[in-house]
Amino acid sequence: MIAIATLWISVLLIGGGFALDRVLTTAITRNFDSSLEYVLIAMIRSSEIGPDGEVRLIEPLGDQRFLEPYSGLYWQISGGGQEPYRSRSLWERSLTPPREHVDDALHTYNSNQFPDEELRVLERNVILPGSKTSWRFQIAQSRDALDLQIRAVRATLIPSLALLGVGLIVLAALQTFYGLLPLRQIRRAIAAMRGGQHRRVTAPLPLEVQPMVEELNALLAHNEKQAEEARLHAGNLAHALKTPLTVLVNSAAGSGDELAQTVRREAATMQRQVDHHLARARAVGRRGAAQARANIRDSVDSVSRAVGLLYPKVRLDASGDKALIARVERQDLDELIGNLLENAAKYGGGSVFVTVQREGATAEILVEDDGPGISPADRQRIFDRGVRLDSGKPGTGLGLAIVRDVAEIYGGSIALEESEDLGGLLVRLKLPAG
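Residues numbered from 1 in each chain as written. Predicted model: local features only at pLDDT ≥ 70, side-chain atom pairs only at ≥ 80, totals over all residues. Heavy atoms only, no water.

Novice: I'm lost on the overall build of the chain in this one. Help?
Specialist: Helix and strand counts for the chain stand at 8 helices and 14 strands. A compact globule built from 434 residues would reach a C-alpha radius of gyration of about 22 Å, whereas the chain, at 50 Å, exceeds it by more than 25%. Considering only C-alpha atoms, the chain reaches an extent of 155 × 45 × 40 Å along its principal axes. Across the 434 residues that make up the chain, the buried fraction comes to 38%. When contacts within the chain are restricted to residue pairs at least 6 apart in sequence, long-range pairs at least 24 apart make up 59% of them. For the chain, the exposed surface amounts to about 24,500 Å²; the carbon and sulfur share of it is 57%. Side chains of the chain give 50 positive and 53 negative charges; the mean places of these two sets differ by 6 Å. (Helix = DSSP H or I, 4+ residues; strand = E, 2+ residues; numbered from the N terminus. Rg over C-alpha atoms; globule rule 2.2 N^0.38 Å. Buried < 20%, exposed > 50% of the residue type's maximum accessible area, 1.4 Å probe, protein only. Contact = heavy atoms within 4.5 Å. Areas by Shrake-Rupley, 256 points an atom, 1.4 Å probe, with all protein chains shown as cover. Lys, Arg positive; Asp, Glu negative; His and termini not counted. Charge placed at Lys NZ, Arg CZ, Asp CG, Glu CD.)

Novice: What's the story with helix α6 (residues 296–310) in this structure? I'm lost.
Specialist: Since one α-helical turn is 3.6 residues long, residues separated by three or four positions face the same way. Its 15 residues place the ends of α6 21 Å apart at the C-alpha level, agreeing with the 21 Å of an ideal helix rising 1.5 Å per residue. Those residues of α6 that sit buried are Ile 296, Arg 297, Ser 299, Val 300, Val 303, Ser 304 and Val 307. The arc that holds every buried residue of α6, seen down its axis, measures 145°, which confines them to one face. Structural note: α6 exposes Arg 305 and Leu 309 on the side pointing more than 90 degrees away from its buried face. As for α6, its buried residues are in contact with β8 (294–295), β9 (315–320), β10 (325–326), α7 (330–347), β11 (351–359) and β12 (362–369). (Expected span 1.5 Å × (residues − 1). Arc of directions from axis to C-beta.)

Novice: What is the right way to read the pattern of salt bridges from this model?
Specialist: In a structure, side chains of opposite charge can pair up when their charged atoms sit close to one another. Applying the stated criterion to the full structure yields 16 salt bridges. Between Glu 83 and Arg 86 there is a salt bridge, with its nearest N and O atoms 3.8 Å apart. Classification of Glu 83 by relative accessible area gives exposed; the value is 63%. Among the ionic pairs, Arg 428 bridges to Glu 417, the shortest N-O distance being 2.9 Å. (Salt bridge = Lys/Arg side-chain N within 4 Å of Asp/Glu carboxyl O.)

Novice: Where do I start with the nonpolar core in this structure?
Specialist: Grouped burial of nonpolar side chains is what soluble globular proteins tend to show. In terms of nonpolar packing, the biggest core is built from 38 residues, with Ile 296, Ile 365, Val 367, Leu 429 and Leu 431 touching the most fellow members. Ranked by residue count, the leading element in this core is α7, at 7 residues. Each residue touching Leu 431, except ones within four places of it in the same chain, is listed here: Ala 326, Val 328, Leu 333, Leu 336, Ala 361, Thr 362, Ala 363, Ile 365, Ala 407 and Gly 412. Among the nonpolar cores identified, the runner-up in size contains 22 residues, and Phe 32, Ile 44, Ile 49 and Phe 137 belong to it. (Core = buried A, V, L, I, M, F, W, Y, C linked by side-chain atoms within 4.5 Å.)

Novice: Could you clarify how one ought to interpret the sheet that holds strand β13 (residues 413–418) in this entry?
Specialist: By definition, the strands of a sheet pair up through backbone hydrogen bonds, in either a parallel or an antiparallel sense. Read from one edge to the other, the open sheet built from 5 strands follows the order β9-β11-β12-β14-β13, with strand pairing classed as mixed. Each edge of the open sheet is held by one strand with a lone partner, namely β9 and β13. For this sheet the average axis-to-axis angle between neighbouring strands, irrespective of direction, equals 20°. The pairing of β12 with strand β14 (residues 425–432) spans 7 bridges and is antiparallel. Residue pairing in the sheet places Glu 368 in a bridge with Leu 426 of β14. Across the sheet, α6 touches β9, β11 and β12, and the angle it forms with β9 is around 175°. (Pairing = 2+ DSSP bridges. Axes fitted to C-alpha atoms, helices over the stretch in contact; angles between N-to-C directions.)

Novice: Mind showing me how you'd approach the packing of α6 against α7 here?
Specialist: Angle between the axes and distance between the axes are the two parameters that describe a pair of packed helices. The N-to-C vectors of α6 and α7 enclose an angle of 45°; their axes lie 9 Å apart at closest approach. The angle between α6 and α7 falls in the class oblique. Of the two possible hands of crossing, α6 and α7 adopt the one that is right-handed. For the pair formed by α6 and α7, the contact residues are Ile 296, Asp 298, Ser 299, Val 300, Ser 302, Val 303, Ser 304 and Val 307 on the first element and Arg 330, Leu 333, Asp 334, Ile 337, Gly 338, Leu 341, Glu 342 and Ala 345 on the second. Taken together, the residues that form the contact of α6 with α7 break down as 8 nonpolar, 4 polar and 4 charged. (Parallel < 35°, antiparallel > 145°, perpendicular 65-115°, else oblique. Left-handed = near helix turned anticlockwise from the far one by under 90°. Nonpolar A, V, L, I, M, F, W, Y, C, P; charged D, E, K, R; others polar.)

Novice: Help me out: how do you make sense of a nonpolar patch on the surface in this one?
Specialist: A cluster of nonpolar side chains, Val 166, Val 170, Leu 174, Phe 177 and Tyr 178, forms an exposed patch at the surface whose accessible area comes to about 490 Å². Examined against the element boundaries, Leu 174 turns out to sit in helix α2 (residues 144–179). For Leu 174, a relative accessible area of 43% gives the class partly exposed. (Patch = residues over 30% accessible without salt bridge, like charges linked within 9 Å, V, L, I, M, F, W, Y side chains within 5 Å.)

Novice: Teacher, can you tell me more about the packing of aromatic side chains here?
Specialist: Centre distance and the angle of the planes are the two values used to describe a pair of aromatic rings. In the structure shown here, the tally under the stated rule is 3 aromatic pairs. With centroids separated by 5.9 Å and ring planes inclined at 80°, the aromatic side chains of Tyr 74 and Phe 114 adopt a geometry described as edge-to-face. Residue Tyr 74 is located in strand β3 (residues 73–78), and its partner Phe 114 is located in strand β5 (residues 107–114); the two are separated by 40 residues in the primary sequence. Across this residue pair, the class does not change: Tyr 74 and Phe 114 are buried. Ring plane angle 90° and centroid distance 5.2 Å describe the contact between Phe 177 and Tyr 178, whose orientation is recorded as edge-to-face. Across the ring face of Phe 114, the terminal group of Arg 93 is positioned such that the distance to the ring centre comes to 3.8 Å. (Phe/Tyr/Trp six-rings, centres within 6.5 Å; stacked < 30°, edge-to-face > 60°. Lys NZ or Arg CZ within 6 Å of the ring centre and 35° of its normal.)

Novice: Can you walk me through α2 in this structure?
Specialist: For α2, with 36 residues, the first-to-last C-alpha span of 51 Å sits near the 52 Å given by 1.5 Å per residue. Among all positions of α2, only Leu 146, Asp 147, Ile 150, Leu 157, Leu 161, Gly 165, Ala 172 and Thr 176 are buried. Against the buried residues of α2 lie α1 (2–45) and β6 (117–127).

Novice: What should I look at first to understand the side chain of Ser 87 in this one?
Specialist: Tracing the backbone through its elements, the reader meets Ser 87 in the loop between β4 (85–86) and β5. The class for Ser 87 is buried, based on a relative accessible area of 3%. In this structure the side chain of Ser 87 is engaged in a polar contact, spanning 2.8 Å, whose partner is the side chain of Ser 89. Apart from the residues lying within four places of it in its own chain, the contact partners of Ser 87 are Phe 66, Leu 73, Tyr 74 and Trp 75. (Polar contact = N/O pair within 3.5 Å; in protein donor to acceptor, adjacent residues only side chain to side chain.)

In structure tokens, the structure reads:
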């Protein structure tokens, strides 16, 4: 918008400036010519034919410059094959028309016949009383004074138009900037919603953009409602399936035949899928609530106490920022940390250490254990659903897959590394910081 306004203002000012320059230059030139024409008419009125048929002036022209050699103001009368009758200011020079012609009307032109002086010439052919000869009356003046006036006008016109152009462009830029300011406010409000500070655009805005804001808020409310309904449907479906699956598993537990083993195996697979998709549905549904925030250390301490009851021989320690906030629902954060701590306690050597720290806009949760760790070749495969590297211990092989999926839903990530302090596995969980 600013570029288009700049281009349009420039075109208009250049075109208008050129037209105004033509008008002013023409007016100055016309005024200059008028003064010369007045002298030419006075010279014609003062002319008569002498006894020998020569032309002469009854009264001398009043301007003193006609008497000063090379003064810049000249007159000349020529015709009848006689020597031109000219002003003393011409000295030994004479005025020569650009071509042989008869000017019954006033003829005005510029002449460069004097190498050091450009002239403005007015001439006219007149037949004086008592003579049949067409006498050419010429009046000439140096263009220096005329050019000086034109340059003075342009010296004022060009800076004025330039200043006007700059002022108009600045005004257009300010108008564009302040006119679009409400859109920048909306952008900041949306960023605040995405950052978990607000749920709606509530800042007072001009009437021109208020309908758009109302539609945006209505769309957000509609999306939240749809996400909540989808989450409820997924949760209801998952809970409706869990009870029959539990019955099937319990019924098949007391039998050792092939059918019972098949039922137990497939039921366990179905149970893993139900748990996985239920966790994703909860995370997706709650992600729409942009104000989701949870204290990481509170969640770590709470989950550590629960895991400590399941594994009383495992030592669980934590350190780091106690005030660090993650933009995650507390229930989902507990599930993420719970899966990591339970895996560390189950597969570690008896010692688990949790570190909570901030890295820029990211909250990092480091879970280390003193177990055998995971080889680099298996660190990516372990995230596949149902994959278990240690089948000798109970589990579904779904914990890390759930952690990865839920973390990615919130814009985070998970990586497996080697712990330098404890020698086992280090799990680096990254989540957006509040």
